[in-house]
Amino acid sequence: MMRLRFPVSALPLGLALGLAAAPLAAHAQEKPAAAPAAAQARVDDIQISQTADSVSILVKLSAQPKAASAKQANGALELQIDGVTLPQSAFDPAGDTLVRHVVIAPVTAAADTSKIRLEGAAFGAASTTIYRNAVLIETKLADASLPSAASLMKQPDAKKPATATQSADALQSHPAPGPAPVEKASLPTPPPAPEVKSTSLASIAKLDAAACASASAQLEKDAWSLLALGDNALCLIDEKKFSEARKSLDQLAAFSPEDWRVSLGRAALSDLGGDASNAEIGYRNAAMLAPDQATRDAINGELAKLVGPAIN
C-alpha cells in the first residue's frame, strides 16, 4: 500500500480580511448591524493512501464540515464541502504523487461552501464520508478506455465476401479461404469469494461475543471511540461484513495509524482477498505493534499459515 501525505497548514491559505467602519453623521439613522461573516477555516493536511487501484484521500480541516460530495470535473477530482469557508489557495505537492496540483477556493463570498480541486491522475467515481474535522474520499484509478471506440490492434475478418464479378463456378472451384482457426486462450480462474479464516480475529484480540456487542453499542453512543472502533472492526470481519469493517479501520487509521488492530484487520482483509503480499506486510506490522506476547504469538500464527512456519 502506498501512503503519501502533504501537509498544507504552512501554505499561505488566503489573505486576512479587514473591516473598516465609516463614522456615522450626527443624528443619522442607525442601520441594523450586518450579520457577522462566517469564520474562515483552513486545510490542515491532505493524506493519500493507495492499495492496488483503490485510492483514499483524507482532507483534514480546522472546522467541522456539514456535508461533502466528490465528482469528476474537467479531468480532475473536485471535492465540494458545505459548512466551511476556505480561502483561495493553490499549490503543487512535493514528490511524485497521484495528485500534482491542488486548488482551494470558496464557491461564493457569502456561502459557507468551498471546493478543493485535485489534479493529476485520472480517478473514477468517488464517494465521501464525513469525519470529525475531516472528509474521506474513496475512489479508484480510472481505466484507460474510450466509449464506442475502434481498436487499431484488432485484426479484420479473414473471410471476404465474393465480388459481383466472380461467377458461381469460380467460387466452387476456388472457394474463398475461411478464417484461420483461432486457438482459444484459457481464461484465468476467478479468485474464490473471501471466506473467514478458522481463527477469528476477535479471539486474537481476546474479544468474546459480549465484547463485540459492547463495542458496537459504544459506537452508537460515541462514533469516535477509538477503542470501540478497532474492536468492532475485527468483529465485523469475523461476521463477513468486510465493507463495514474496512470503513471502521480507515476511520481508526485516520486518528491512530499505529494501532495494531489497523494492521491486523487490513492484513486479514488482504489475506481473504488473495493479496498475499500485503497480507504478509500487515501481519508483520501487527505483530510488532501487538500489546503483549500472547497477541504477538497469535498474529504470527496467522502469518505462518500464509508463508510457512519459519517466522522471524
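Residues numbered from 1 in each chain as written. Predicted model: local features only at pLDDT ≥ 70, side-chain atom pairs only at ≥ 80, totals over all residues. Heavy atoms only, no water.

Caption draft 1: Up close: helix H8 (residues 293-307). Taking 1.5 Å per residue as the helical rise, H8 with its 15 residues ought to reach 21 Å, and the 20 Å between its terminal C-alpha atoms agrees with that figure. If you check which residues of H8 are buried, you get Thr-295, Ile-299, Asn-300, Glu-302 and Leu-303. Taken around the axis of H8, the buried residues stretch over an arc of 155°, which confines them to a single face. Tucked into the core, H8 has its buried residues touching helix H2 (201-204), helix H6 (260-272) and helix H7 (276-289). The distance from a side-chain oxygen at the start of H8 to the backbone nitrogen of Ala-294 is 3.3 Å, and the residue carrying that oxygen is Asp-292. (Helix = DSSP H or I, 4+ residues; strand = E, 2+ residues; numbered from the N terminus. Expected span 1.5 Å × (residues − 1). Buried < 20%, exposed > 50% of the residue type's maximum accessible area, 1.4 Å probe, protein only. Arc of directions from axis to C-beta. Contact = heavy atoms within 4.5 Å. Polar contact = N/O pair within 3.5 Å; in protein donor to acceptor, adjacent residues only side chain to side chain.)

Caption draft 2: Here's a closer look at the packing of aromatic side chains. For the structure on display, the rule yields 2 aromatic pairs. Measuring from centroid to centroid gives 5.5 Å for Trp-224 and Phe-255, while their planes differ by 85°, and the two rings are edge-to-face. With Trp-224 in the loop between helix H3 (209-221) and helix H4 (226-238) and Phe-255 in helix H5 (residues 242-255), the pair connects residues that are 31 residues apart, well separated along the chain. Residue class for Trp-224 comes out partly exposed when judged on its relative accessible area of 22%. Residue Phe-255 is classed as partly exposed on the basis of its relative accessible area, which comes to 37%. Joined through ring pairs, the aromatic side chains of Tyr-131, Trp-224 and Phe-255 make up one cluster. (Phe/Tyr/Trp six-rings, centres within 6.5 Å; stacked < 30°, edge-to-face > 60°.)

Caption draft 3: Local environment of the state of the cysteines. Throughout the structure, instances matching the rule amount to 1 disulfide. A sulfur-sulfur distance of 2.0 Å marks the disulfide that ties Cys-212 to Cys-235. Its S-S torsion of approximately -75° makes the covalent link between Cys-212 and Cys-235 left-handed. Here Cys-235 lies in helix H4 and Cys-212 lies in helix H3, a separation of 23 residues in the sequence. Across the pair, exposure class does not vary: Cys-212 and Cys-235 are buried alike. (Disulfide = S-S within 2.5 Å.)

Caption draft 4: Spotlight on the pattern of salt bridges. Under the definition given, this model contains 10 salt bridges. For the salt bridge of Arg-117 with Glu-119, the shortest nitrogen-to-oxygen distance reads 2.8 Å. By relative accessible area, which is 19% here, Arg-117 ends up buried. Here Arg-284 and Glu-280 are joined by a salt bridge, their closest N and O atoms 3.3 Å apart. (Salt bridge = Lys/Arg side-chain N within 4 Å of Asp/Glu carboxyl O.)

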